[in-house]
Amino acid sequence: MKAFDLTGKTALVTGANTGIGQAIAIGLGEAGAHVICAARRACDETLSRIDSGAHLALDLSDPMAARDVFADQHIDILINNAGIIRREDSIAFSEADWDDVMDVNLKAVFFTCQAFAKAVLARSGSGKPGTGKIVNIASLLSFQGGIRVPSYTASKHGVAGVTKILANEWAAQGINVNAIAPGYIATNNTEALRADAARNAAILERIPAGRWGDAADIANTAVYLSAPASDYVHGAVLNVDGGWLAR
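First, a word on what this report is: a plain description of the structure on this page.

Criteria and cut-off values
- Residues numbered from 1 in each chain as written.
- Predicted model: local features only at pLDDT ≥ 70, side-chain atom pairs only at ≥ 80, totals over all residues.
- Heavy atoms only, no water.
- Helix = DSSP H or I, 4+ residues; strand = E, 2+ residues; numbered from the N terminus.
- Expected span 1.5 Å × (residues − 1).
- Bend = angle between axes of the 7 residues up to and from the residue.
- Pairing = 2+ DSSP bridges.
- Axes fitted to C-alpha atoms, helices over the stretch in contact; angles between N-to-C directions.
- Contact = heavy atoms within 4.5 Å.
- Buried < 20%, exposed > 50% of the residue type's maximum accessible area, 1.4 Å probe, protein only.
- Salt bridge = Lys/Arg side-chain N within 4 Å of Asp/Glu carboxyl O.
- Polar contact = N/O pair within 3.5 Å; in protein donor to acceptor, adjacent residues only side chain to side chain.
- Disulfide = S-S within 2.5 Å.

## Some remarks on helix H3 (residues 95–124)
Thinking step 1. For H3, built from 30 residues, the straight-helix expectation of 44 Å at 1.5 Å per residue is met to within 8% by its first-to-last C-alpha distance of 42 Å.
Thinking step 2. Along its length, H3 reaches its greatest deviation from straightness, about 45 degrees, at aspartate 103.
Thinking step 3. Downstream of H3 by one or two residues, glycine 125 has phi in the positive range, about 95 degrees.

In structure tokens form, the structure reads like this:
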């Protein structure tokens, strides 16, 4: 369907070497996009599953790392997926762990969005709308508090807020800014949870769909938010969680 066709578009996906980022990169590639896989580590496995792609070394522990990425190449779609998490009781949480997580998960997201938007608007010409799509990866902890992850929770609440303010400012200029809040997804990051029989059972009992999500569930939503089908969607945070938040 043309509404979901990304042929001729170029997408940049951060954290594309594994997990949800890898699935999104593959999904965008299957929809026809040329995909730039941006990550600190090699993305060979991801690129082997994409018809047209490239690797970009990008370390977002420097929140300004992407400041010059968009100026010299035409990128239509930005997926801000890269993120980190640190676990500790809030009473003992360190300033370093707070800053490290906020830098990658929130500050880098904002300034990467800013750099992308500057490039999109610059090439569109004075007074004319641009054409660009931004998809930020939020979390169920954009809405809930969680336990022992204070900086992650704060950062993901921030991602939801930044998504909305940028949509307010850029929608009329032709840039869609939206976010996806993944639920419990079966990736290498959740392997320990799924291997814990009691914890796994408790999670499944809470999910109305009765199953863990697949990374492809997030990828399909990212394709939708990157494609013409979502041209009138601005500032949304779409829960892809099997009904977890509705419970």
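## What to know about the sheet that holds strand E6 (residues 175–182)
Thinking step 1. Strand order in the open sheet formed by seven strands is E3-E2-E1-E4-E5-E6-E7, with parallel pairing between adjacent strands. Two strands in the sheet have a free side with no partner beyond their single neighbour: strand E3 (53–57) and strand E7 (237–240). Pairs of neighbouring strands in the sheet enclose a mean axial angle of 20 degrees, with direction left out of account.
Thinking step 2. Across four bridges, strand E4 (residues 77–80) lies against strand E5 (residues 132–137) in parallel orientation. Residue pairing for E5: isoleucine 79 is matched across the bridge by valine 135.
Thinking step 3. Across the sheet, helix H7 (residues 215–226) lies against E4, E5, E6 and E7, angled at about 165 degrees from E6, the strand it touches most.

## Regarding the side chain of threonine 187
Thinking step 1. Examined against the element boundaries, threonine 187 turns out to sit in the loop between E6 and helix H5 (191–195).
Thinking step 2. Relative accessible area serves as the criterion here: at 12%, threonine 187 is assigned to the buried category.
Thinking step 3. Ignoring any residue separated from it by four or fewer positions in sequence, one finds threonine 187 in contact with Gly19, Ile20, Arg194 and Ala215.

## Some points on the pattern of salt bridges
Thinking step 1. For the structure on display, the rule yields seven salt bridges.
Thinking step 2. Here arginine 86 makes a salt bridge to aspartate 97, at a shortest N to O gap of 2.7 Å. Of this pair, arginine 86 sits in the loop between E4 and H3 while aspartate 97 sits in helix H3, and the two are 11 residues apart along the sequence.
Thinking step 3. Judged by relative accessible area, arginine 86 falls into the partly exposed class, the value being 27%.
Thinking step 4. Residue classification places aspartate 97 among the partly exposed residues on the basis of a relative accessible area of 22%.
Thinking step 5. Of the charged contacts, one joins lysine 133 and aspartate 231 as a salt bridge, the two residues approaching to 2.8 Å between their closest N and O atoms. Highlighted residues: lysine 133 in strand E5 and aspartate 231 in the loop between H7 and E7, separated in sequence by 98 residues.

## Description of H7
Thinking step 1. Taking 1.5 Å as the rise per residue, H7 with 12 residues should run 16 Å; its terminal C-alpha atoms sit 17 Å apart, in good agreement.
Thinking step 2. Buried-residue contacts for H7 involve helix H1 (19–30), E4, E5, E6 and E7.
Thinking step 3. Between the side-chain oxygen at the start of H7 and the backbone nitrogen of alanine 216 there is a gap of 2.8 Å, and the oxygen is on aspartate 214.

## What about the side chain of serine 142?
Thinking step 1. Within the secondary structure, serine 142 is located in the loop between E5 and helix H4 (150–170).
Thinking step 2. Given a relative accessible area of 6%, serine 142 falls into the buried group.
Thinking step 3. Residues in contact with serine 142, not counting those within four places in the same chain, are Lys156, His157 and Ala160.

## A closer look at the state of the cysteines
One way to say it: the disulfide is the covalent bond shared by the sulfur atoms of two cysteines.
Thinking step 1. The final tally for this structure, using the stated rule, is zero disulfides.
Thinking step 2. Of all cysteine sulfurs in the structure, the one in cysteine 43 sits closest to cysteine 37, which takes part in no disulfide; the separation is 5.1 Å.
Thinking step 3. A disulfide-free cysteine, cysteine 113 has its sulfur positioned 18 Å from the sulfur of cysteine 37, the nearest such atom.

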